[in-house]
Amino acid sequence: MSSAADTIDRDRARAARPRRPGRLITFEGGEGGGKTTQLLRLAERLKKAGVAVIATREPGGTPLAEAIRKFVLSGAARSLGAEGEAILFAAARADHVDRLIRPALDRGDWVLCDRFTDSTRAYQGAAGVDPGIIRALERVAVGQTRPDLTIILDLPVEIGLSRAASRNAGADRFEADPADIHRQRRAIFLAIARQEPERCVVVDASRPESEVTAAIWQAVAERLAVRPVRNDG
Ligand code: T5A
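Below: a short report on this structure. Remember, predicted model here, so these are calculated numbers, not experimental data. (Residues numbered from 1 in each chain as written. Predicted model: local features only at pLDDT ≥ 70, side-chain atom pairs only at ≥ 80, totals over all residues. Heavy atoms only, no water.)

Some thoughts on the overall build of the protein chain
So, point 1. Of regular secondary structure, the protein chain possesses nine helices and five strands.
So, point 2. The order of α-helices and β-strands along the protein chain, N terminus first, is α-β-α-β-α-α-β-α-α-β-α-α-β-α.
So, point 3. When burial is assessed residue by residue, the protein chain has 45% of its 233 residues classed as buried.
So, point 4. The long-range share in the protein chain, meaning contacts at least 24 apart out of those at least 6 apart in sequence, stands at 78%.
So, point 5. For the protein chain, the exposed area adds up to about 12200 Å²; of that, 54% sits on carbon and sulfur atoms. (Helix = DSSP H or I, 4+ residues; strand = E, 2+ residues; numbered from the N terminus. Buried < 20%, exposed > 50% of the residue type's maximum accessible area, 1.4 Å probe, protein only. Contact = heavy atoms within 4.5 Å. Areas by Shrake-Rupley, 256 points an atom, 1.4 Å probe, with all protein chains shown as cover.)

Digging into the pairing of strand β1 (residues 23–29)
So, point 1. Summarising burial for β1: six of the seven residues are buried, a large majority.
So, point 2. Of the pairings in the sheet, the one linking β1 to strand β3 (residues 110–114) comprises five bridges and is parallel in character. Considered in β3, the bridge of isoleucine 25 is made with leucine 112.
So, point 3. Direction of pairing for β1 relative to strand β4 (residues 149–154): parallel, over a ladder of five bridges. (Pairing = 2+ DSSP bridges.)

A short note on the packing of helix α5 (residues 117–126) against helix α8 (residues 179–195)
Geometrically, a packed helix pair is captured by the angle between its two axes and the distance between the axes.
So, point 1. The contact between α5 and α8 brings their axes to 8 Å, and the two run at 140 degrees. With respect to each other, α5 and α8 are oriented oblique. Along this stretch, α5 crosses α8, giving a crossing that reads as right-handed. In this structure, α5 uses Asp118, Ser119, Arg121, Ala122, Tyr123, Gly125 and Ala126 to contact α8, whose residues at the interface are Ile181, Gln184, Arg185, Ile188, Phe189 and Ile192. (Axes fitted to C-alpha atoms, helices over the stretch in contact; angles between N-to-C directions. Parallel < 35°, antiparallel > 145°, perpendicular 65-115°, else oblique. Left-handed = near helix turned anticlockwise from the far one by under 90°.)

Points about unusual backbone geometry
So, point 1. Residues glutamate 58 and proline 59 are joined by a peptide bond in cis, for which omega reads -10 degrees.
So, point 2. Here proline 59 shows up in the loop between β2 (53–57) and α3 (63–73).
So, point 3. Phi is positive for arginine 115, which is not a glycine, with a value near 75 degrees.
So, point 4. In this structure, arginine 115 sits in the loop between β3 and α5.
So, point 5. You can call arginine 115 buried: its relative accessible area is 13%.

Nothing here speaks to function; it is geometry throughout.
What follows is the structure, encoded as structure tokens:
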């Protein structure tokens, strides 16, 4: 029979455990910074370390959110204005968090997400949406599901745009904006990193891919204490 002391110890142990076992790592920054490339590289490395990994993206990650992605990135929602687009990004994010991200974190998986809430702060923020509205949408969409670590891939706008142009067929709704807007977005990402240094790491993405990969791995290993799982056979 268990004693009251055992029960208290068990309660304490439960309280000492992290509220959720998984980790959420987001990749942020302007166009063509190498988010997709680096996210996939980190996913591979974590898998080799024995971590269960889900790689996903925003807008997107669920059928509903992917449909919203197609609609917004085509420019079809432009007439709603920047606030209307912010609402659509938030709706896609709410579905993504409810159906994919939160259940994965609860299972103990690590979720790597290509863009998340900081993209709304930077892109819709630079388009003039009131920060209070952005914060309110963020609360509704994600609740307590906040990133444990955010990698901000930073590089001069011109380099990022030329990389993005070399990769795809045509610029999407946001990529096609003037360079000044891209520079404002970059400034907002860097301001977020200064305001939340415990969550954000800025990585110089103008360097060769392998150097960027090494810098990201160092940040993940230091901040989230990932260790290779021994596999003795
Ligand atoms: N958006 C999104 C909002 O406005 N609000 C929001 O809330 C959200 C979530 C999403 C768009 O939606 C906007 C932001 C975006 O405009 P997207 O198709 O997902 O659109 O586009 P991006 O996230 O911008 O991704 P990109 O595809 O432009 O760039 P990535 O993923 O940063 O870069 P990647 O890995 O595809 O690399 C681009 C090219 O560069 C090369 C790669 O090989 C590739 O050809 N490359 C390098 N070359 C040299 N050196 C390196 N270090 C390199 N790294 C990659």
